[in-house]
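# Coordinate inspection notes
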Amino acid sequence: MRKKILFLSMLLLLSLASGSCNRVSNKNETKETKETKEVILASFTVLADIISNVAKDDFIVRSITKPGVEVHGYQPTPSDLVNASSAFVFIDNGFGFELWAEKFVSNLKVKRITVAEDLDPIFISEDFYKGKPNPHAWISPKRGMLYVDILVDSLSELRPSKRTLFEENGKIYKDKLSKIDKEFSLFINNLNKDRRYLVSCEGAFSYLTNDYGLEEVYLWPVNAESQITPKRMTRTISLVKEKNVPSVFCESTVSNESQMVVANETEANFGGNLFVDSLSDDNGPASSYIKMLEHNLDLIKKGLF
Ligand SMILES: [Zn+2]
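The model shown is predicted, which means the values in this text are computed figures rather than measured ones. Residue indices follow the written sequence of each chain, beginning from 1 at its first position. Only residues with pLDDT of at least 70 get local features here, since the model is predicted, and only at 80 or more are side-chain atom pairs given and counted; chain-wide, interface and lining totals rely on the full set of residues.

Here the focus is the overall build of the protein chain. Elements are defined by DSSP. Helices are runs of H or I of four residues or more, strands are runs of E of two residues or more, and each kind is numbered from the N terminus. The helix and strand tally for the protein chain stands at ten helices and nine strands. Within the protein chain, contacts between residues separated by at least 24 positions form 57% of all contacts whose residues are at least 6 apart in sequence. With C-beta atoms placed from the backbone, a contact is any residue pair whose C-beta atoms sit within 7 Å.

Attention now goes to the nonpolar core. Connectivity within a nonpolar core runs through C-beta atoms within 7 Å, and the core itself is a set of buried Ala, Val, Leu, Ile, Met, Phe, Trp, Tyr and Cys residues. The exposure scheme places C-beta atoms from the backbone and then counts, for each residue, the other C-beta atoms within 10 Å of its own, assigning buried at 20 or more, exposed at 12 or fewer, and partly exposed in between. Ile 40, Ala 42, Ile 50, Ile 51, Val 54 and Leu 151 are the most contacted members of the largest nonpolar core, which totals 77 residues. Setting aside chain neighbours within four positions, we find Val 54 in contact with Val 148, Leu 151, Val 152, Leu 155, Phe 166, Asn 169, Gly 170 and Tyr 173.

The subject of this paragraph is helix H5 (residues 141–158). Helix span is expected to be 1.5 Å times the residue number reduced by one. Here H5 contains 18 residues, and its C-alpha end-to-end distance of 26 Å stays within 8% of the 26 Å for a straight helix at 1.5 Å per residue. Within the sequence span of H5, burial applies to Pro 141, Arg 143, Gly 144, Tyr 147, Val 148, Ile 150, Leu 151, Val 152, Ser 154 and Leu 155. Residues of H5 that are buried sit in contact with helix H2 (45–55), strand E5 (111–114), helix H6 (163–189), helix H7 (206–212) and helix H10 (289–304).

We now examine unusual backbone geometry. Positive phi, close to 50°, is recorded for Lys 56, a residue that is not glycine. Note on placement: Lys 56 falls in the loop between H2 and strand E3 (59–63). Phi at Asn 244 is positive, roughly 55°, even though this residue is not glycine. Of note, Asn 244 is situated in the loop between helix H8 (230–242) and strand E8 (247–251). The exposed category is assigned to Asn 244, around which 12 C-beta atoms lie within 10 Å.

What follows deals with the pairing of strand E2 (residues 36–42). Relative to E3, E2 runs parallel, the two sharing five bridges. Across the sheet, residue Ala 42 finds its bridge partner in E3, namely Ser 63. Handedness of the crossover joining E2 and E3 through H2: right-handed. Pairs of strands are assigned from DSSP output, requiring at least two bridges between the strands. The handedness of a crossover follows from its direction of travel: if, with the strands pointing away from the viewer, the path from the first strand over the helix to the second runs clockwise, the crossover is right-handed.

The topology assignment puts Pro 76 in the loop between E3 and helix H3 (78–85). Pro 76 sits in the partly exposed class, given 19 other C-beta atoms within 10 Å. Note: C-alpha distance between Pro 76 and Ile 64 (twelve residues apart in sequence) is 7.9 Å. Here Pro 76 is in contact with Ile 64, Leu 81, Trp 100 and Phe 104, once residues within four sequence places are set aside.

Below, the discussion takes up the environment of Pro 285. Inspection of the secondary structure assignment puts Pro 285 in the loop between strand E9 (269–274) and H10. We classify Pro 285 as partly exposed; it has 17 C-beta atoms within 10 Å. With ten residues separating them along the chain, Pro 285 and His 295 place their C-alpha atoms 6.6 Å apart. Setting aside anything within four residues of it in sequence, one finds Pro 285 in contact with Ser 280, Lys 291 and His 295.

Once that is clear, we can look at the confidence of the model for the protein chain. Confidence per residue, as judged by the predictor, is encoded in pLDDT with a range of 0 to 100. Averaged over the protein chain, the pLDDT score is 89; the fraction of residues at 70 or greater is 87%. Across residues 1–8, confidence stays below pLDDT 50; counting only partners more than four residues off in sequence or on other chains, it has zero contacts. Under a pLDDT of 50 for its full length, residues 10–34 has, in the predicted model, 28 contacts with residues more than four places off or in other chains.

A word on the packing of H2 against H5. Only C-alpha atoms enter the line fits that serve as axes; for helices the fit covers just the stretch in contact. Angles between N-to-C directions range over 0 to 180 degrees. Orientation of H2 relative to H5, taken along the N-to-C sense of each, is 60°, at an axis distance of 10 Å. Here H5 runs oblique to H2, going by the angle between their axes. In the crossing of H2 with H5, the sense of the turn from one axis to the other is right-handed. Facing Ile 50, Ile 51, Val 54 and Ala 55 of H2, the residues of H5 in contact are Tyr 147, Val 148, Leu 151, Val 152 and Leu 155. Each angle is binned into one of four classes, with values under 35 degrees roughly parallel, values over 145 roughly antiparallel, values of 65 to 115 roughly perpendicular, and all other values oblique. Put simply, a crossing is left-handed when the front helix is turned counterclockwise from the back one by less than a right angle, and right-handed when it is turned clockwise.

Take the pairing of E9 next. Note that E8 and E9 share four bridges and pair parallel. The residue bridging Val 248 from the neighbouring strand is Phe 270, located in E9.

What follows covers helix H9 (residues 257–265). Within H9, the full set of buried residues consists of Gln 259, Val 262 and Ala 263. Mapping the buried residues of H9 onto a view down its axis gives an arc of 95°, with all of them on the same face. Looking at H9, the residues exposed on the side facing more than 90 degrees away from the buried face are Glu 257 and Asn 264. In this structure, the buried side of H9 is in contact with strand E6 (197–202), strand E7 (215–220), H8, E8 and E9. Within this analysis, the arc is defined by the directions that extend from the helix axis to the C-beta atoms.

Here we come to the environment of Asn 83. Mapping Asn 83 onto the fold places it in helix H3. Residues in contact with Asn 83, not counting those within four places in the same chain, are Leu 41, Arg 62 and Ile 64.

Right, here's the structure in full:
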């Protein structure tokens, strides 16, 4: 019954919102210009920030999920539906990351761009998600540059008059990502091969470890199934001991309790919280995609060196 009431109220809110125009005023605009800007809606904060760097001030970019929120199993709210109805496009990651996205967009009349449709997946190798694509491709700066290319192309198709703008913005942004990529490659190349292990809570670093030549070890494959079994715990502790892994890590959107057990049972330090699925708020260390990559790679450098 409660579900039915919630569903009806969502429909009501949606019908009210769809009566409004697809364009909204930008708060930052001066009174002189009085232009309106179109809204691009992203599924999560990391993607929203990448899109902002491609679209810049010509569009308003919003994220459905807020900073710090667990994204995989998010439950959209009625106000999310209202926000979505004011956008001209909904952009999601895909590869099964947003378990809620399919249902969410099914009742909306917005275009949809799914970035992963143009990416090569790395597949999850165990448990319930075995054989499914690992969704966290953005965690590697090399793939982040591909996100930019895909967004430039797909947004240009929707708004051809803005193609040059998207391309120019994309190039400037990719140059910044390329600098991060080169610095991390250099670090790994100079790192002793025995120390090239990245131990995390979620198996969210496959693209990073694959692209830069690290071994990935994790406590659970995907946050949506974040159950630590005794077998996984034992396996991780054994490996950290056997390989003398200097530091272990966890992700910002889950509890690091289990990884603390690993650190306590071994000689490893707890190297800190890495950001993957969600940016931090403005005061945190990962308030943009670039800052997130810099924060993560800096912790990994300090932890493994
Ligand atoms: Zn995740």
